[in-house]
Each structure stands twice: as C-alpha cells, then as structure tokens.
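# Fold and geometry: a report
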Amino acid sequence: MNLFQRAKPASLESAFDRYYPAVFRFFRFRGADADTANDLAASVFERALSHIDQFDPRKAQIQTWLFAIARNISINHWKSEKGTLPLDDDLPQSDVPLEELVIRAEEKERVLLALQTLDNRSREVIALKFSSELSNRAIAQLTGLSESNIGVVLYRSLMKLRRQLSQIEVNHDR
Amino acid sequence: MIADLKKFIRNLDQLLDGRDTRANDPALQAAKALLTLDLDSESKPPAELRARWGRRVNPSTKRKTFMQTLRTRPVLVVLIALLILLALSGVAYAIGKSLGYIPGLGIVDQSAPLQVLAEPVSQTQDGITITVKDAIASADKTIVTYAVENIPPEKLSPAKDVPCPDWPQLKLPDGTLYELSGGDGNVHEMRLIYAPLPANVQDVTLLIPCIQGAGHVTLPLPENWELPIRFIPAPADMTVFSVTELTPSPAAEANVVKNPLTITKVIETNDSYILTGELLVPLPLGQSDSGVYGLRITDGNGKDVSFEGFPQDIGMPTPTSPNAEVWSVKFDKGFVPPIQITYTKQYILADSSLETIEFDFDAGDDPQKVQAWQLDREFTLADRTFTLNSVSALPNSYEFNFTSTDNSIYSVDVVIDGYPPDANGGGMDAGMVGVFGSWSVSVGPYKELPKGKLKVTISHPWLIGEIKDWTVDWQP
C-alpha cells in the first residue's frame, strides 16, 4: 500500500520569532505608530493561528502567507479605522501639512513620514520588501503585479523617497 | 533600462543581504536610509501569544525539562541506573513521562489524574444534531470529539460553497476562550484538541460557530452551537494502552551513522500496532520539498502490509526537532516480523528562467454560472511545452488544469494580474497536484471571484527533482 500525503513543515514553530519583527516593521513602514503596529502584528498572528490548519506549505511559504494576512489587515485597518496615516493616495487629514510634520520629526520618524508621501502602491511594495526582504516574486504574488514590474516600482519609489528626503533635509536646514 | 534595472535589483539584494554596495545610486541611498532605521527595539511580541503559538504548532513545548521532572518525581532517580543500562543496547525507553493511548481520543499524559466526559451532550437545531461523544482532560491537553447527524444530503457540497472558516472554541467558566491547538475529522465527526484545563475546572462549553467541513454561505447549516461539557474523574477500569517512546541512546548515536528515518513511539493495542516516527534530512542542494511523500510497509517475507496512515485519533505527531517530518501508521497484528517501513520523498526544483507567458481569459460576468472553460491552448515556456486544458471556477478560486507529454514538469506558477488572492483562506498562488504529466494550479482564494476579461501570467516552471527512499526495520 502506498500512501501519498503532504507533509507539514515543522518550521511553523519558529515562524513567530522569525516573522513577528518583520510583520511589525511592515506596519511601521505602512504608517502605523509603534503601539498600533504591535497591535496589528499581533492580529496577524492571531488570525494565522485560527487558520493554521488551512495553511498549505505547498501553496505558499509561511512568510508569504503571513504577509498576505498582514496586507489584508492593513487594508482593513486603514479602511475602517482611518488610521494614524492615510493608506490611500489622499493627502493627510491632519491640520498640519504632512511636509511640516516631516520636518518636525526626528530622523527615524522623518524617514517613515517621508515614506508616507509616496503613493499607495509604492509604499506597499517598499514595506513588503524592506520589512522582510520578500523576493520580488513573492511580492508580485501578494500584490498581483508582475515580477518585473516590482523591480521598476521599487526603483522609482526609492528614487522618489530619496528626493523627498533630500527636500526634507533642505527644508530642515533652513 | 533593463540592464540598469537588473543591476539595481542585484545591488539592492546585496544591500538587503547585509553586503554594502559601493553604488551611489540615489535609490540605493534611500534603501540604506530604510535599512538603518532601528525599528526592532519597538517590536514587542506579546508573550502570551508567543506561548499560544508554540502550543498550537507544537504542543510539546510545554514539556518539562529533565531536571524539573527529577525534582517532581524522586522515584525516577532510582530508575536512572536502569536507563543507563538500557542505553548501552542502542535504544532506550523514555520513562520521564507516562503516556497513554485512549482509542478514539489519542495519546495523553497520565502524570496527573485524567478526567473524562460525564455523559454525552447533544444539541439540535433545524433537525441537525451535534453530540459531544467523548472528551478527556489530561495534564497536557484537552480532547473533545463530536458527531453531527441528519445533515440534509443536498447541503453536503462544501466544494460548491465557501467552507466554514472558524474553528470551535472551548469556553471556561471565567470566560477564557481556548483556541484549537490541533485535531482532525470531517463534516460528520471531529476530534478537537485544546490546551490543558486549569486545576478545579470541571465545566466548559464547546462553542461551534459553524459546522467544519460544511458549506458556509450558499448552503448554510445552523450556526453558533453551544454545548456544555462536564468532566468527572476517569473510572479506574478505563482502557488506556501504554505508549513506548523510543529514543536513540547517546552510545548508539556516537558510534553509528544515524538513520534519518526513526520510530519515535510504539503503541500495542489488543489487535493492532500504532507507530509514529520522523524523517530528518536536509534538502538536496538546489532543490525544494514538493511536500509529496510516500510510505510503504513490508513484512519479513517482503509482502506489503496494509496500514492506515495518520489514524484519526493520532493524527500528525509532534516533531522532536523543527525540521523533522512526522508520520504515523496503524496496522493489524498477524504479520511476519520484522516489518520494514520505507519513506519516499519527491523533490522539485525551480527552472531559473524569467520568461513569462501572458494571455487573456474571459471569465464573463458570472463565472460561477459557466463553471468550466475548455481552452486546450498549447504554450512553450523556458523550452518546455505544455497545454492548458481547462479553467474551472470554484466557489472562491479558479483552477487551471494542465497536461504535458514532458514528464519533467511538475507545475508552473499562475497569477491573475491585478487580483492578489485574499489570504484568509490560507492558500495563495499555486496548489500543485503531484501527478507527473498533469497538474492543476488553483489561484485564490477570493472573497469574490474576478470576472470579465482577465490577464493571466504563467511563469516559473517547477521541474521534477530527485526521488529518494529511506527505510527502518522494526519488530514487536
């Protein structure tokens, strides 16, 4: 008798320690403050836990699966909560112009806020790439863009980010 | 531009990999600014969630250390000499834990008194009855089994519906909710595993949001079940078979090349044996795990022994190391010893080609109505030719069905451009059926199926890699 089944990788056990910080970084890059990013990262693992039996390692790596959940949660969070920073391409709803907020912020927040001046797609691709070093292929699967397109979006987004940071430095020095 | 882009991606990958690049590309400078942000110090993983994750994916993380066990069980000190003697023979029996096997429920730790279900409990809604048939509370887990009766046959088509997405929970008297940590079953019968109950808790409530294995949206069954469960001390005459844990002795490990296929537990019941085991091997260079493996058991005469893989009350054993693959089998007594267990694994490897094929596919305004499109389109990707025979619309995904006379192809990746799958269902991109020469790729799940004219991209052929065997012998 021959029984063919699929094996469940034991690497699930280490996934929490390996990917919680990455998922946290993803939400920080998406514009959440540290507390909110921790709450959202916890939600990702709560949701993953409740669906863990449906996780199929043949269909996706655990990292890609977790980030697909994170991406969904980020979309729903900003859609329902109107989070601390806008997810869509609208300009911020704060009374203070975003550029002003950026100048006031410390270096770390300055980079994060500069990131929020980019369009939604650029922010998302950067967040996925820099939070966990997902491959362009995995990001393509998550976002529905083609793999070669991811490279182009990354390049253009980082160029825009550099310009924003340069502009901020100029304004900050004035 | 393409060459520049490739160079940028290569430099960016080097940067992400911790290797600094001398390039003064402004894009890379922005990347460096992102990489040097100290965000990890703000990351605060909740300890409780971490512990729950550990228990859920590997209940053995609650296991006591050897010294803790010694402190709580002084009698064990006397047995250590015996253990050392046994170790010299190559295999030692693990004595630290008293495991027992209860048919229908599974393996439990007997180091604390067991509690069992006082009496079966039923609830009926719309003519459908759920009965909690059995339950046990032990030192390491709580197990509950239930049966569902009188489901109308016309509602047993989960493949045409969105499956029930939420697992049952166990509610304690103080309102604490236990999430499922394991289990298996089908629409008619489920076996659920939860964390151990606190001391002095005898009453819990099983909350079943919807019936597992059944449809959830188009053919809904009654939902939000609440079944009160009362535990009482287990009767003295309850049938509990002993579980023998096998661990290679240090002496054997030091002197012999370790067999990566091992047997970890042996259970002898009145008429059968149950074995659990592990395979611990590194991936062959450049290859990936296809997730497909086979088990075969032969007796002392070389004849096949019929067995049940992953018996429902044993399921997937807990691996003893993070990279181990686990298995369990049950077979009847009466074979000619010794038996030989053969574990076969199939590996796959990715073609390095970056070629893609794009084509348009019109799913129409109501894909569910059409359900299947016969396409029979032949494609060549990275010098490999295959045919997309058909596309099927499932309740929340599309299935692309391929064949090829090139038996070296295992599968391809398929993406519907602009429609990233919704992750809540679990799967993401390619679900592969490991039959050589034909395969299916499911794209989804989606809350709502993409419709109208869709652009589909096929890429990355996956090729059949090595097939390897490992064997281990055993006799009662």
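The text that follows walks through the structure, step by step, so that each part is easy to find. None of the values given here were measured: they were computed from a predicted structure. (Residues numbered from 1 in each chain as written. Chains lettered and ligands numbered in written order. Predicted model: local features only at pLDDT ≥ 70, side-chain atom pairs only at ≥ 80, totals over all residues.)

## Examining the overall build of chain B
The test is simple: The numbering of helices and of strands both runs from the N terminus, where a helix is a DSSP run of H or I of at least 4 residues and a strand a run of E of at least 2. Here a residue counts as buried when 20 or more other C-beta atoms sit within 10 Å of its C-beta, as exposed when there are 12 or fewer, and as partly exposed otherwise, the C-beta atoms being derived from the backbone. Any residue pair is listed as a contact if its two C-beta atoms, each placed from the backbone, are within 7 Å.
Of regular secondary structure, chain B possesses seven helices and 27 strands. The buried share among the 476 residues of chain B stands at 30%. Taking the contacts inside chain B whose residues are at least 6 apart along the sequence as the reference set, 65% of them involve residues at least 24 apart.

## Focus on the environment of Phe402 of chain B
All names here are of chain B. By secondary structure assignment, the location of Phe402 is in strand 24 (residues 398–403). For Phe402, a count of 21 C-beta atoms within 10 Å corresponds to the buried category. As a C-alpha pair, Phe402 and Trp439 span 37 residues in sequence and 5.4 Å in three-dimensional space.

## Description of the sheet that holds strand 26 (residues 438–443) of chain B
Residue and element names in this part refer to chain B. Defined as follows: Strands are treated as partners if at least two bridges between them are detected by DSSP. Note on definitions: angles span 0 to 180 degrees between N-to-C directions of axes, and those axes are lines fitted to C-alpha atoms, for helices only across the stretch in contact.
Taken together, four strands build an open sheet; the order of strands is 22-23-24-26 and the sheet is antiparallel. Across the chains shown, the open sheet's two edge strands, defined by having one partner strand only, are strand 22 (372–381) and strand 26. The mean angle between the axes of side-by-side strands here comes to 25°, regardless of whether they run parallel or antiparallel. Bridging between strand 23 (residues 384–393) and strand 24 involves six bridges; their strand directions are antiparallel. By the bridge assignment for strand 24, Ala393 is matched with Tyr398.

## Topic: unusual backbone geometry
Residue and element names in this part refer to chain B. Of the consecutive residues Pro337 and Pro338, the connecting peptide bond is found in the cis state with omega at -5°. Structurally, Pro338 can be placed in the loop between strand 19 (325–332) and strand 20 (339–350). Phi is positive for Asn150, close to 65°, though the residue is something other than glycine. For Asn150, the location among the structural elements is in the loop between strand 7 (142–149) and strand 8 (169–171). Backbone geometry places Asp376, a non-glycine residue, at a positive phi of 50°. For Asp376, the location among the structural elements is in strand 22. Classification of Asp376 as exposed rests on a count of 9 C-beta atoms within 10 Å.

## Points about the packing of helix 6 (residues 120–132) of chain A against helix 7 (residues 136–143) of chain A
Helix-helix packing: each pair is described by the crossing angle between the helix axes and the interaxial distance. Residues and elements named next belong to chain A. Keep this limit in mind: The scheme is simple: roughly parallel for angles under 35 degrees, roughly antiparallel for over 145, roughly perpendicular for 65 to 115, oblique for anything else. Should the near helix be turned counterclockwise from the far one by less than a right angle, the crossing is left-handed, whereas a clockwise turn marks it as right-handed. Amino acids outside the nonpolar list (Ala, Val, Leu, Ile, Met, Phe, Trp, Tyr, Cys, Pro) and the charged list (Asp, Glu, Lys, Arg) are all regarded as polar, and Gly is one of them.
Put simply, helix 6 and helix 7 touch, their axes get as near as 10 Å, and they point 135° apart. Relative to helix 7, helix 6 is oriented oblique. Between helix 6 and helix 7 the crossing geometry is right-handed. Taking contact as the criterion, the partners of Glu124, Val125, Leu128 and Lys129 in helix 6 are, on helix 7, Ile139, Leu142 and Thr143. A per-class count over the contact of helix 6 with helix 7 returns four nonpolar, one polar and two charged.

## Observations concerning the pairing of strand 5 (residues 121–125) of chain B
Residue and element names in this part refer to chain B. Across five bridges, the pairing between strand 5 and strand 6 (residues 128–137) is antiparallel. Following the sheet pairing, Gln125 is matched in strand 6 by Ile128. Connecting the antiparallel pair strand 5 and strand 6 is a turn made up of two residues, with Asp126 showing a positive phi of about 50°.

## Points about the nonpolar core
Rules: Note on definitions: a nonpolar core is a set of buried residues drawn from Ala, Val, Leu, Ile, Met, Phe, Trp, Tyr and Cys, linked by C-beta atoms within 7 Å.
Ranked by size, the top nonpolar core spans 79 residues in total, and within it Val23, Phe26, Val44 and Leu66 of chain A carry the most contacts. Tallying contributions element by element places helix 1 (residues 12–29) of chain A first for this core, with ten residues. If near-sequence neighbours (up to four positions away) are discounted, Phe26 of chain A is found in contact with Phe67, Ala70, Ala127, Leu128, Ser131 and Ser132 of chain A. Listed in part, the 55 residues of the second largest apolar core include Ala135, Cys164, Leu197 and Ile267 of chain B.

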